Structure formats: C-alpha cells, structure tokens
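The primary structure of each chain is shown beneath.
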Amino acid sequence: GTGGAPSSSSSSATIFAVVAFYWTVSISLVFLNKALLSLFDFPYPITVTWFQMGVAVVCLYVLGTVGRAHVPAVRFVPPFEISVARARQVAPLTVCFVGMVAASNLTLNYVEIAFYQVARSLTIVFTMLIGLFVFRKQPSAQAVCAALCVAVGFGLGSYFEMSLKPLGVVFGVAGSMFVASYSIMVKKTLPAVGDDQFRLLLYNSLLAVPLMVPVIYASGEWHAAANSPALRSPLFWLVMTVTALFGFLISIAYFMQIKYTSPLTSTISGTAKAAAQTVIAVFVLGTDMSALGAAGVVLVLFGSTWYSFVRFWEMDAAKQKAAR
C-alpha cells in the first residue's frame, strides 16, 4: 500500500537516506535534461519527454513482473495490468501530467537552470487561486503574504530573463499551472487506482505515450528530431536512456519522500533542493546573473519556504482541533 505513518516511525537515518536519494535524482535529472537539449544539440523537449514516458512503462513492466517474483525490495510496484475502466478514470489526470512534464522540459529548453526555479515558482500562487475559486478555501493572511513574496520574486527574476527568453517564462507559468492542478487532481484520482501511486504512474505513462504523438507532430518536432544527427551518436542514446531512468527514479524518490517523511519535510526538502540547484548552476555552469535576477531567486526561495511552513502550521492546527 501507500501512505504509512510518516516521520515519527521512520528513523532519522532512513529519512536522511530518502531525502538524499531524492536530491541526487532530482538535481541530476535537471542537469541531464539540460545537457540533452543543449550539449547534444537536440532541442526537442517534447520528444525527450515522450521517450522518458516509454521507458517508465518498460520499467514498471519489468518491476511489476520479474521484479515482484525475484526482488522483495520492489514489491511496492503493483503487478502490471491494464483495465479500460481505470484508464478512463485516469485519462483527465494524464492530460495534466503530459502538460506538466512537457512544460517543464520546454522551460528548460529556453531558460538557464539558475532561473528554472523562478520560471516555475508560480505553483504556490496557482495552488492558492485554485483553492479559492474551485474549493472556496479562504487563504490565511500569512499564506497570501508568502505567495506575494514569490510573485514579486518571479517578477524580478523574469523581468531580467523576459528580454532574453520570453517563451521560457511563458512555459514556466504554464508549467506552474499544471503542477498546481496536478497535485489537486492526484488526490481525486488516487481512489480510482486503489490509492496506489505506482498504479497511477503506470496508467499515466501508458496513456501518455499515445497521447503525446499528436503533440510532437503538431509542434513540428517529429520531423526535425527524426533527422537529427544526434540520433546516430551512441553517447546520445546512453545519456537519453540514463536521463529516462532518472525520470523514472524521480517518481520513486518522490513517492518514498512522501511515504517516509512528513509533508513539511518533503516541501522544505524540495525548496532547499531548488536553492542548491541554483547555486550549483551559478558556480558550476557559470550562469550570468544580474543583481535583480539574484534577488528574484532569493525572494522565490524565501517565499516558497515560508509558504510551506505556513501550510504545515495550518494543517497541524487543524489536526489538533480535530483531535480535541
């Protein structure tokens, strides 16, 4: 099953290992994706996403058949199955999932890693707006202030980048919207797959593979990618496959982080990881950053962390109120 009592029951060594695994996979994935798109001169982010989904299906098939029989450690992956009724219930989420992953890779195609977090930072703002307009949930004053802080950071960070790569900012905003919708839709869709995150991943990936073909075609990537000289390079295929495996591992890492740590730990871990990623990008890749751009990044990270704390305190207070 999923869930499992978080934090209190997990030893600090387990929590540390899980968070470290998530950080390693997540940061590597961003840099690997960026390398694929720029170093190999293969600027076809939707095609890369499509390949990654295909590899995820293969991984889930292998783990769900051979893995279950021989490797006890991967028993959490459900047996490979295809049910039309379930697929139909998951389909709306898949559209959102494809939008989310494609927007993420499209953003990376246009902006530098250091600004990637800024471009994607409006998730908090959209989450709050969806909560307000769809669920009529009034956000607290603190949450609004934190979201405003993120919005100002986004404005500063992207004002500088806007002149260079307006499309990157557009895809970043679209990505934020998909991420906010996705996390809300996941909660609604999980019961349809017996509350199993991996079964959800299986249907998501299975449905995404055919769903993305017309998207790749419409974007004009199909023809260009098929004729790319990169396809003749074995190193390209190695990096492409390793990236896809990391793309699959991120789902496992994310799932483990949710299972073994508290929601606060995983949100803070995500924000801190974003900060580390930015620092690595600036110092290792030598990304040029204006003072305004840097201020934007700092505000975004500060606002995001503040927001996670606020949400955690609110949930905690609600839990204690319910317990009374």
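Just so it is clear, the model here is predicted, and its values are computed rather than measured.

Secondary structure assignment for the protein chain yields 12 helices and 0 strands. With the C-alpha coordinates aligned to their principal axes, the bounding extent of the protein chain is approximately 60 × 50 × 40 Å. Looking at the protein chain as a whole, 44% of its 324 residues qualify as buried. Considering only intrachain contacts with a sequence separation of at least 6, the fraction spanning at least 24 residues in the protein chain is 83%. Total accessible area on the protein chain stands at roughly 15800 Å², and carbon and sulfur atoms take up 71% of it. Computed over 19 positive and 10 negative side-chain charges, the separation of the two mean positions in the protein chain equals 11 Å.

Packing of helix α2 (residues 45-70) against helix α8 (residues 197-219) leaves a shortest axis separation of 8 Å and a crossing angle of 150°. Here α2 lies roughly antiparallel to α8, going by the angle between them. Of the two possible hands of crossing, α2 and α8 adopt the one that is left-handed. Residues Ile46, Thr47, Thr49, Trp50, Met53, Gly54, Ala56, Val57 and Leu60 of α2 touch α8, and the partners they reach there are Phe198, Leu201, Leu202, Ser205, Leu206, Ala208, Val209, Met212, Val213, Val215, Ile216 and Ser219. Looking at side-chain class alone, the contact of α2 with α8 contains 16 nonpolar, 5 polar and no charged residues.

This part takes up helix α7 (residues 166-189). An α-helical segment advances 3.6 residues per turn. Residues three or four places apart therefore align on the same side. Helix length check: α7, at 24 residues, gives a terminal C-alpha distance of 34 Å against a target of 34 Å (1.5 Å per residue), a fit within 8%. For α7, the complete set of buried residues consists of Gly168, Val169, Gly172, Gly175, Ser176, Ala180, Tyr182, Ile184, Val186 and Thr189.

Our focus in this paragraph is the packing of aromatic side chains. Given two aromatic rings, one states the distance between the centres and the angle between the planes to describe the pair. Inspection of every chain in the model, using the stated rule, returns 12 aromatic pairs. On the basis of an interplanar angle of 70° and a centroid distance of 5.7 Å, the ring pair of phenylalanine 40 and phenylalanine 236 is categorised as edge-to-face. Pair noted here: phenylalanine 40 is in the loop between α1 (12-38) and α2 and phenylalanine 236 is in helix α10 (residues 234-260), with a separation of 196 residues, a long-range link. Relative to tryptophan 222, the ring of tryptophan 50 lies with its centre 5.8 Å away and its plane at 55°, an arrangement referred to as tilted. Here the residue tryptophan 50 occupies a position in helix α2, and tryptophan 222 occupies one in helix α9 (residues 221-226), the gap between them amounting to 172 residues. The partly exposed category is assigned to tryptophan 50, whose relative accessible area is 27%. Taken together, the ring pairs in this structure connect Phe40, Phe42, Tyr44, Phe51, Phe236 and Trp237 into an aromatic cluster.

What follows concerns the packing of α8 against α10. Packing of α8 against α10 brings their axes to within 11 Å, and their N-to-C directions diverge by 155°. Judged by the inter-axis angle, α8 sits roughly antiparallel to α10. Note that α8 runs across α10; the crossing there is right-handed. From α8, Gln197, Phe198 and Leu201 reach across to α10, where they touch Phe248, Ser251, Ile252 and Phe255. Here the contact of α8 with α10 is built from residues that sort into 5 nonpolar, 2 polar and no charged.

It is worth spelling out the pattern of salt bridges at this point. Under the definition given, this model contains 3 salt bridges. One salt bridge connects glutamate 81 with arginine 199, and the closest N-O pair in it is separated by 3.6 Å. Pair noted here: glutamate 81 is in the loop between α2 and α3 (84-110) and arginine 199 is in helix α8, with a separation of 118 residues, a long-range link. Salt bridges sharing common partners tie together Glu81, Arg86 and Arg199.

Our focus in this paragraph is the environment of lysine 259. Within the secondary structure, lysine 259 sits in helix α10. Note: C-alpha distance between lysine 259 and threonine 127 (132 residues apart in sequence) is 22 Å.

Moving on: α10. Spanning 27 residues, α10 covers 38 Å between terminal C-alpha atoms, matching the ideal 39 Å at 1.5 Å per step. When α10 is considered as a whole, its buried residues turn out to be Phe236, Val239, Met240, Thr243, Ala244, Phe248, Ile250, Ile252, Ala253, Phe255 and Gln257.

Moving on to the side chain of asparagine 204. As for its placement among the helices and strands, asparagine 204 is situated in helix α8. Residue classification places asparagine 204 among the buried positions, given a relative accessible area of 1%. Asparagine 204 has contacts with Val90, Leu93, Thr94, Phe97 and Tyr182, leaving out every residue within four places of it along the chain.

This part is about the nonpolar core. Counting residues in each nonpolar core, the largest one holds 33 residues, and the members touching the most others are Leu60, Tyr182, Phe198, Leu200 and Phe248. Excluding anything up to four places from it in sequence, phenylalanine 248 contacts Ala56, Cys59, Leu60, Leu63 and Leu201. Counting residues in hydrophobic clusters, the runner-up holds 23 residues, among them Leu36, Leu108, Met240 and Ala281.

Rules of the game
Residues numbered from 1 in each chain as written. Predicted model: local features only at pLDDT ≥ 70, side-chain atom pairs only at ≥ 80, totals over all residues. Heavy atoms only, no water. Helix = DSSP H or I, 4+ residues; strand = E, 2+ residues; numbered from the N terminus. Buried < 20%, exposed > 50% of the residue type's maximum accessible area, 1.4 Å probe, protein only. Contact = heavy atoms within 4.5 Å. Areas by Shrake-Rupley, 256 points an atom, 1.4 Å probe, with all protein chains shown as cover. Lys, Arg positive; Asp, Glu negative; His and termini not counted. Charge placed at Lys NZ, Arg CZ, Asp CG, Glu CD. Axes fitted to C-alpha atoms, helices over the stretch in contact; angles between N-to-C directions. Parallel < 35°, antiparallel > 145°, perpendicular 65-115°, else oblique. Left-handed = near helix turned anticlockwise from the far one by under 90°. Nonpolar A, V, L, I, M, F, W, Y, C, P; charged D, E, K, R; others polar. Expected span 1.5 Å × (residues − 1). Phe/Tyr/Trp six-rings, centres within 6.5 Å; stacked < 30°, edge-to-face > 60°. Salt bridge = Lys/Arg side-chain N within 4 Å of Asp/Glu carboxyl O. Core = buried A, V, L, I, M, F, W, Y, C linked by side-chain atoms within 4.5 Å.

Geometric descriptors of this kind do not, in isolation, establish any biological role.
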